[in-house]
Amino acid sequence: VSSGDSIIAIDSSESLSSSSASTYETVDTVKLDIVSNPPTLLSIRTFENFTGDIFTCVPLVIETSVIHATRAVITWFVDDQMALHDSNMYTPMAADVGKKISIMVTPIRPGHDGDG
């Protein structure tokens, strides 16, 4: 049996008591292709809500929950221009007044860049 193959076996013991040893007979082998689950966001949280008032010099903090990922990379944009990469916090300044602040959240893990 090579790695990636699994053995389907049936218990051929006469008794199921704990004192008897079970023996198995190989019936067939089946190759199983293991497909990796992509990193996935479970939730994104912030203070109150995403449409509340934003104040200068008061940090905006994003918390994430992920599955099949080690963490989430958060990239902040101000008027569609990257302002900060890989930080869960951005502090708006006076120059940001009247501008649109948005985020991109990418769940990642070693060996997977978050796509798919």
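Once a new chain begins, its residue numbering starts again from 1 and follows that chain's sequence as written. Owing to the predicted nature of the model, reporting of local features is limited to residues with pLDDT of at least 70; listing and counting of side-chain atom pairs is limited to 80 or more, with chain, interface and lining totals taken over all residues. Hydrogens and water molecules were not included; the side-chain quantities draw on all heavy atoms of the structure.

Asker: Please explain the sheet that holds strand β9 (residues 101-108) as it appears in this structure.
Answerer: The strands making up a sheet associate through backbone hydrogen bonding, with each pair oriented either parallel or antiparallel. Each pair of strands is called paired provided DSSP finds at least two bridges between the two strands. Helix and strand definitions here come from DSSP, where helices need a minimum of 4 consecutive H or I residues and strands a minimum of 2 consecutive E residues; each element is numbered from the N-terminal end. Pairing is antiparallel in the open sheet, where three strands are placed in the order β7-β6-β9. Either end of the sheet is taken by a strand with one partner, and the two such strands are β7 (81-85) and β9. Within the sheet, the average angular offset between the axes of one strand and its neighbour, ignoring direction, is 30°. In terms of strand pairing, strand β6 (residues 71-78) meets β9 through eight bridges, oriented antiparallel. Bridging from a neighbouring strand, Arg-71 pairs with Ile-108 of β9. Axis angles are defined between N-to-C directions and span 0 to 180 degrees, where every axis is a line fitted to C-alpha atoms and, for a helix, only to the segment in contact.

Asker: What am I meant to see in the environment of Val-105 here?
Answerer: For Val-105, the position within the fold is in strand β9. Each C-alpha atom, one on Val-105 and one on Val-73, is 5.7 Å from the other, the two residues being 32 residues apart in sequence. Residues contacting Val-105, with those up to four places away along its chain left out, are Leu-41, Ile-44, Thr-64, Ala-72, Val-73 and Ile-74. Any two residues whose heavy atoms approach within 4.5 Å at even a single point are treated as in contact.

Asker: Before we go on, may I ask you to explain the pairing of β7 in this structure?
Answerer: Every regular strand shows the same layout, with side chains that alternate between the two sheet faces. Here the term buried applies to any residue with accessible area under 20% of the maximum for its type, exposed to any over 50%, and partly exposed to those in between, with areas from a 1.4 Å probe on protein chains only. Within β7, only zero of the five residues are buried, leaving the element largely exposed. Where β6 meets β7, four bridges bridge the pair, whose relative direction is antiparallel. Paired with Val-78 across the bridge in β7 is Gln-81. Hairpin geometry of β6 and β7 is characterised by an intervening segment of two residues between the two adjacent antiparallel strands and by a positive phi of about 50° at Asp-79.

Asker: When you look at the pattern of salt bridges in this model, what are you seeing that I'm missing?
Answerer: Should their charged atoms come close, side chains of opposite charge can pair. Take a side-chain nitrogen of Lys or Arg and a carboxyl oxygen of Asp or Glu: if they are within 4 Å of each other, that pair is a salt bridge. Applying the stated criterion across every chain, the model contains three salt bridges. With its nearest N and O atoms 3.6 Å apart, the salt bridge here joins Arg-45 to Glu-63. Of the two residues, Arg-45 is situated in strand β3 (residues 40-45) and Glu-63 in strand β5 (residues 63-67); the sequence distance between them amounts to 18 residues. Its relative accessible area of 37% is what places Arg-45 among the partly exposed residues. Where Lys-100 meets Asp-80, a salt bridge forms, and the shortest distance between an N and an O atom there is 3.0 Å. Taken together, the residues span a long stretch of sequence, with Lys-100 in the loop between β8 (89-90) and β9 and Asp-80 in the loop between β6 and β7 at a distance of 20 residues. Assessed through its relative accessible area of 45%, Lys-100 is described here as partly exposed.

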